[in-house]
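# Reading the structure
Given next are the chains, with one letter for each unit.
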Amino acid sequence: AQKVTQAQTEISVVEKEDVTLDCVYETRDTTYYLFWYKQPPSGELVFLIRRNSFDEQNEISGRYSWNFQKSTSSFNFTITASQVVDSAVYFCALPVSGNTPLVFGKGTRLSVIA
Amino acid sequence: ETGVTQSPTHLIKTRGQQVTLRCSSQSGHNTVSWYQQALGQGPQFIFQYYREEENGRGNFPPRFSGLQFPNYSSELNVNALELDDSALYLCASSLRGEKLFFGSGTQLSVL
């Protein structure tokens, strides 16, 4: 069965610091997708990224970057120069099959202090 | 293009009652799924509908049921409410097999 572990429950950083959110997953599938979602206080889950297991290249999008390491079953997320608006709960997720349904980790609550 | 909308935003019920939550899918999406998110936890999959048929279900009892309508909007019904049903209920829509887009959820409190 799919499993996602986010060991960091809460992280607090000062604005402009870099922060990395960890995600470790378990799957028996040889091909799969991985996701990150952001949940601000409004409650809506906002899609951030989808990566497939074929592609282990790191990805950068503005201040966000993702480090996918299949050998260690990790898919870590880094925010560079954090901002107060980055404060939210971040979830890593792995589909049961294809793209859905999703198995989520317990989330990491990030607080960025001005 | 409208996003996923859910109603109501908040709801208070008492144990044993029944509740219906509603979701309007994003325009063009034919699949809707529902997730339950308890406080401090990640969302857990309840079930998914594609073209008005349930085509996947998580580990939830039969008192959790749903409907999808021809316009792809959806309802989640919960009978015989229990205290542990208190949670944020999230609806997500997608094209079948594609990534999910979530609504802001309905916060259900069972007293």
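Residues numbered from 1 in each chain as written. Chains lettered and ligands numbered in written order. Predicted model: local features only at pLDDT ≥ 70, side-chain atom pairs only at ≥ 80, totals over all residues. Heavy atoms only, no water.

## Thoughts on the packing of aromatic side chains
Residues and elements named next belong to chain A. Put simply, the rule reads: Only centres within 6.5 Å qualify two rings of Phe, Tyr or Trp (six-membered ring in Trp) as a pair; their planes then separate them into stacked at under 30 degrees, edge-to-face at over 60, and tilted for everything else. In this text, helices come from DSSP runs of H or I with a minimum length of four residues, and strands from runs of E with a minimum of two, each type numbered from the N-terminal end. Only protein chains enter the area calculation, which uses a 1.4 Å probe; residues under 20% of their type maximum are buried, those over 50% are exposed, and those in between are partly exposed.
The final tally for this structure, using the stated rule, is 21 aromatic pairs over all chains. With centroids separated by 6.2 Å and ring planes inclined at 65°, the aromatic side chains of F35 and F47 adopt a geometry described as edge-to-face. Taken together, the residues span a long stretch of sequence, with F35 in strand 5 (residues 33-39) and F47 in strand 6 (residues 46-52) at a distance of 12 residues. Aromatic pair Y64 and W66: ring centres 6.0 Å apart, planes at 85°, arrangement edge-to-face. The same class applies to Y64 as to W66, namely buried.

## Focus: the nonpolar core
Selection rule: For this analysis, a nonpolar core means a set of buried residues of the types Ala, Val, Leu, Ile, Met, Phe, Trp, Tyr and Cys, connected via side-chain atoms within 4.5 Å.
Within the largest apolar cluster, 24 residues are counted, with the highest numbers of intra-cluster contacts made by W36(A), W66(A), F77(A), Y90(A) and L110(A). Among the secondary structure elements, those contributing two or more residues to this core are strand 2 (10-14), strand 3 (19-21), strand 5, strand 6, strand 8 (64-69), strand 9 (74-79), strand 10 (88-97) and strand 12 (108-113) of chain A. Broken down by element, this core gets its largest block of residues, four residues, from strand 10 of chain A. Among the nonpolar cores identified, the runner-up in size contains 20 residues, and L21(B), W34(B), F60(B) and C91(B) belong to it.

## Some points on the pairing of strand 12 of chain A
Consecutive side chains along a regular strand alternate between the two faces of the sheet. All names here are of chain A. The condition that has to hold: Here the rule is simple: two strands pair whenever DSSP picks up at least two bridges between them.
Here strand 12 shows a buried face lined by T108, L110 and V112 and an unburied face lined by R109, S111 and I113. Examined bridge by bridge, strand 2 and strand 12 share five bridges and lie parallel to one another. Following the sheet pairing, E10 is matched in strand 12 by R109. Of the pairings in the sheet, the one linking strand 10 to strand 12 comprises three bridges and is antiparallel in character. Opposite Y90, over in strand 12, you have T108 as the bridge partner.

## Remarks on the sheet that holds strand 7 (residues 64-68) of chain B
Residues and elements named next belong to chain B. Rules: Note on method: axes are straight lines fitted to C-alpha atoms, helices fitted across the in-contact stretch only, with angles between N-to-C directions ranging 0 to 180 degrees.
Strand order in the open sheet made by the four strands is 1-3-8-7, with antiparallel pairing throughout. Each edge of the open sheet is held by one strand with a lone partner, namely strand 1 (5-7) and strand 7. Each strand axis lies, on average, 20° off the axis of its neighbour in the sheet, ignoring direction. Direction of pairing for strand 3 (residues 19-24) relative to strand 8 (residues 74-78): antiparallel, over a ladder of five bridges. Its bridge partner being in strand 8, R22 is matched across the sheet by E75.

## Side note on the state of the cysteines
Residue and element names in this part refer to chain B. Applied cut-off: By convention in this document, the label disulfide applies to cysteine sulfur atom pairs within 2.5 Å.
All told, the structure shown has two disulfides over all chains when counted by the stated rule. In this model C23 forms its disulfide with C91; the gap between the sulfur atoms is 1.8 Å. Between C23 and C91, the S-S torsion sits near -65°, and that sign places the bridge as left-handed. Separated by 68 residues along the polypeptide, C23 in strand 3 and C91 in strand 9 (residues 87-94) bring together distant segments of the chain.

## Digging into the interface of chain B and chain A
The following threshold applies: Any two residues whose heavy atoms approach within 4.5 Å are treated as being in contact. The term buried area means the drop in 1.4 Å probe accessible area that two parts suffer when joined, counted for both and summed. Counted as salt bridges are all cases of a side-chain nitrogen of Lys or Arg within 4 Å of a carboxyl oxygen of Asp or Glu. As used in this structure description, the phrase polar contact means that two N or O atoms lie within 3.5 Å; if the pair is within protein, one of them must be able to donate a hydrogen and the other to accept it, and residues adjacent in sequence are counted only when both atoms belong to side chains. Residue classes follow a fixed rule: Ala, Val, Leu, Ile, Met, Phe, Trp, Tyr, Cys and Pro count as nonpolar, while Asp, Glu, Lys and Arg count as charged, and any other residue, Gly among them, counts as polar.
Contact residues are listed per partner, giving 17 residues for chain B and 17 residues for chain A. Counting each side, the surface lost to burial between chain B and chain A is near 1400 Å², with a carbon and sulfur contribution of 56%. Interface area lost by chain B to chain A is led by P43(B), K99(B) and F102(B), which between them contribute 33%. In this assembly, chain B and chain A are joined by one salt bridge. With a shortest N-O distance of 3.8 Å, E98(B) and R50(A) are connected by a salt bridge. Along the contact surface separating chain B from chain A lie four residue pairs in polar contact (both at pLDDT 80 or more). Elements with a contribution of two residues or more to the side of chain B that touches chain A: strand 4 (31-37), strand 5 (44-50) and strand 9 of chain B. For the side of chain B that touches chain A, a count of residues per class yields seven nonpolar, eight polar and two charged.

## Let's talk about the confidence of the model for chain B
Going by this rule: Predictor confidence is given residue by residue as pLDDT, running from a minimum of 0 to a maximum of 100.
For chain B, per-residue confidence averages 93 on the pLDDT scale, and 98% of positions sit at 70 or higher. Within chain B, the lowest mean pLDDT, 91, falls on strand 6 (residues 53-57) of chain B, and the highest, 98, falls on strand 11 (residues 106-110) of chain B.

## Examining the confidence of the model for chain A
Any region with low pLDDT has predicted coordinates that should not be read closely. Per-residue pLDDT for chain A averages 92, and the proportion of residues at 70 or more is 100%. Averaged over each element, pLDDT in chain A is lowest for strand 7 (residues 59-61) of chain A (82) and highest for strand 12 of chain A (98).

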